[in-house]
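Secondary and tertiary structure notes
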Amino acid sequence: MSPMQWSPMFETGVAEIDNQHRRLVGYVNELQSTRANDDPALVKDVLEAAIDYTLYHFAFEECLLESSDYKLTDAHKKVHEKFAADLFAMKAQLERGEIGPRQLNEILTKWLFDHIRHADTAAMRKPIR
Amino acid sequence: MAHLTWTDDLNTGIDVIDGQHRRIVEYINHLHDARMKGDRDGIGEVINELIDYTLSHFSFEEELMEDAGYPFSRPHKRVHEVFAKRVAEFQLRFQAGEDISAELHSLLTRWLVGHIKNDDAAYVSTVKAHTHSASHAHKGWVSRTFGRLFGT
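Below you will find a few notes about this structure. (Residues numbered from 1 in each chain as written. Chains lettered and ligands numbered in written order. Predicted model: local features only at pLDDT ≥ 70, side-chain atom pairs only at ≥ 80, totals over all residues. Heavy atoms only, no water.)

1. Some words on the interface of chain B and chain A
The criterion, for reference: We call two residues in contact whenever any of their non-hydrogen atoms come within 4.5 Å of each other. Accessible surface is computed with a 1.4 Å probe, and the buried area is the amount of it that two parts give up when combined, taken over both parts together. Salt bridges are counted wherever a side-chain nitrogen of Lys or Arg sits within 4 Å of a carboxyl oxygen of Asp or Glu.
Each partner contributes to the interface: chain B provides 17 residues, whereas chain A provides 18 residues. At the boundary of chain B with chain A, total buried surface from both sides reaches about 1600 Å², with 58% on carbon and sulfur atoms. When residues of chain B are sorted by the area they lose upon contact with chain A, Phe 72, Arg 78 and Arg 110 of chain B head the list and together hold 35% of the total. Scanning the region where chain B abuts chain A turns up four salt bridges.

Below you can see the structure in the form of structure tokens.
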């Protein structure tokens, strides 16, 4: 899989959120290059940092959505909650050797792409205040 | 993992905030020392002090952001709340007898460095602009708020 490239279609129109998404893309790509080096300890480090930052990003984004008039805030939060639980489950699966770094990288790339492209661009379309 | 060392890229340029971040680094290093000694009481003490100081730092930072009119103060505050809850869970696990010190040490290290370099950097320009426009009043505000939150 080639590294995930930032594209203008990912832009939500809210610079802070776009910057955070860029950083998430950076983690996914870092995971991929770490995987290429075949170092399980490094993969774990990158995944842990990616989980921390994802939780940070979700909290930030949810707070913005709550103060906007976006109708699907609760649903969006549910999606975050489910994904956060999935992340911790994937970390445990990785530690037990049930999934490999390659699968992890593919799942995260797909999730991030879909989430930014569809969910967040819709959510942030309305002016946030 | 060795001691965390303060490097210039951790400076936000807001002295009072940098001082508090340095203090948190010291606490993280104390946690490391207590772990190396295998001193469970010492570890518990450092965890409590570290959490207490970090929560005061969060309150201080939140007031600074709000006072400066940083538009994303609320989401930043929410992030603090979520992190505080996560750390409180570690505290409960420790009190229940689990050895969480290595996990907590690595979480705090990652979080502090990431938070300073990325998340705090976002509010710095707003706070600095505000500080320059109201220099004298601001100094008074900083020392009053500092005194109230840290009891100095």
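We are not done yet, so read on.
2. A look at the packing of helix 2 (residues 40–66) of chain A against helix 4 (residues 101–123) of chain A
Residues and elements named next belong to chain A. Note the cut-off: Axis angles are defined between N-to-C directions and span 0 to 180 degrees, where every axis is a line fitted to C-alpha atoms and, for a helix, only to the segment in contact. Numbering of helices and strands starts at the N terminus; helices are DSSP runs of H or I of at least 4 residues and strands are runs of E of at least 2. Each angle gets one of four labels, with under 35 degrees taken as roughly parallel, over 145 as roughly antiparallel, 65 to 115 as roughly perpendicular, and the rest as oblique. By convention the crossing between two helices is left-handed if the near helix lies anticlockwise of the far one by an angle smaller than a right angle, and right-handed if it lies clockwise.
For the pair helix 2 and helix 4, the least separation of the axes is 14 Å and the interaxial angle reads 15°. Overall, the two elements helix 2 and helix 4 adopt an arrangement that is roughly parallel. Considering how the two elements wind past one another, helix 2 and helix 4 form a crossing that is left-handed. For the pair helix 2 and helix 4, contact is made by Val 43, Leu 47, His 57, Phe 58, Glu 61 and Leu 65 and by Pro 101, Leu 104, Leu 108, Trp 111, His 115, Asp 120 and Ala 123, respectively.

3. Re the environment of Glu 49 of chain B
Residues and elements named next belong to chain B. Note the threshold: To sort residues, take the accessible area from a 1.4 Å probe on protein chains only and compare it with the maximum for the residue type: under 20% means buried, over 50% means exposed, and anything in between is partly exposed.
Position of Glu 49 among the secondary structure elements: in helix 2 (residues 40–68). What makes Glu 49 partly exposed here is its relative accessible area of 36%. Remark: the alpha-carbon pair of Glu 49 and Ile 24, spanning 25 residues in sequence, is separated by 9.9 Å.

4. A closer look at the pattern of salt bridges
Residues and elements named next belong to chain A. In total, this model carries 17 salt bridges over all chains according to the counting rule given. Note that Lys 44 is salt-bridged to Glu 48, the shortest N-O span being 3.3 Å. Residue Lys 44 and its partner Glu 48 are both found in helix 2; the two are separated by four residues, about one turn of the helix. Of the residues examined, Lys 44 reaches a relative accessible area of 33% and is grouped as partly exposed.

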